[in-house]
Amino acid sequence: MINNIEAKSLRQTGRIAGGLYLTIIIAGIFAEFFVRQSLLVPGDAVATAQNITAAEGLFRLGIAGDLIMILSDVALAVAFYVLLKPVSRGLALLAAFFRLGQAAILGINLLNLLLVLRLLSGAEYLTVFSAEQLHGLALFFFTGHGLGYSLAMVPFAMSLLVLGYLVFKSGYFPKILGILLVVAAAGYLIDSFAGFLLPNYGAYADVFALVVFLPAFIGELAMCLWLLVKGVKVEPARLRPSLAA
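The rules behind these values
Residues numbered from 1 in each chain as written. Predicted model: local features only at pLDDT ≥ 70, side-chain atom pairs only at ≥ 80, totals over all residues. Heavy atoms only, no water. 1 Å grid on protein atoms, 1.4 Å probe; cavity = no way out; pocket = protein on both sides within 12 Å on 5 of 7 lines; lining within 4 Å. Points joined across faces, edges and corners; volume = space filled by probe spheres on them. Helix = DSSP H or I, 4+ residues; strand = E, 2+ residues; numbered from the N terminus. Nonpolar A, V, L, I, M, F, W, Y, C, P; charged D, E, K, R; others polar. Patch = residues over 30% accessible without salt bridge, like charges linked within 9 Å, V, L, I, M, F, W, Y side chains within 5 Å. Areas by Shrake-Rupley, 256 points an atom, 1.4 Å probe, with all protein chains shown as cover. Salt bridge = Lys/Arg side-chain N within 4 Å of Asp/Glu carboxyl O.

Caption draft 1: Looking closely at the layout of surface pockets. What the largest pocket holds in volume is close to 1,500 Å³. For the lining of the largest pocket, the secondary-structure elements that each account for two or more residues are α1 (4–39), α3 (56–84), α4 (89–119), α5 (131–170), α6 (175–197) and α7 (205–229). Split by residue class, the lining of the largest pocket holds 24 nonpolar, 11 polar and 7 charged. Every residue lining the second largest pocket is listed: I52, T53, E56, R60, L111, L114, L115, L117, R118, L120 and S121. Mapped onto the lining of the second largest pocket, the elements with two or more residues apiece are α2 (45–54), α3 and α4. At 5 residues, α4 tops the list of elements feeding residues into the lining of the second largest pocket. For the lining of the second largest pocket, a count of residues per class yields 6 nonpolar, 2 polar and 3 charged.

Caption draft 2: Main features of a nonpolar patch on the surface. A cluster of nonpolar side chains, namely L151, I190, F193, F196, L197, L198, Y204, V207 and V211, defines an oily patch on the protein surface of about 830 Å² accessible area. Looking at the nonpolar patch, the elements with two or more residues in it are α6 and α7. By the secondary structure assignment, Y204 is in the loop between α6 and α7.

Laid out in structure tokens, this is it:
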């Protein structure tokens, strides 16, 4: 039974989770679409290297955006655990561990972007490589970051899958939010495994991006906005055990 103090704490945790979710969405979109996608020229190592060198500050801001996203994700894993452990402590813990696994992979994956900066830094010890080799290696690590991102989406999708179930069963939110999160999780899993299993994935990348982006954007944004605007709904009977009795 949830008392008044616990209900107030759940509402506060819900607001915090909403703020963290919004931070993750903004920082992630900025780093991926406004930074990396604007600098990357697919298949052209020289043009990509020139773009990064000319906008090094923007590239570093993208890395900072990723760090903010990852740190917020760790905090969000804890917030969702606190919020949903009354529904099922074991499943809430499982969702948190999956989300922390994703954060760990993304954190390590940032090393690829830092190596891009190091390769294009013009350091004296890099003169043993030709300019073409440095540009090729920079593009190699740049695209390697994308592969690491796809790998991180697998534990993230599993976290969303469990989270969607808990949201559906909790009674704190409309059940449609849980369904949307499960659909988003399925989209992430389909896209990630397609990238791993299909040799010609690039030919269908746009289709898979559509499969992932729309349900994920709708589901996660809806959850974020609900937490910020509506918060956690706790039934009056749960607030007043004496009345329920």
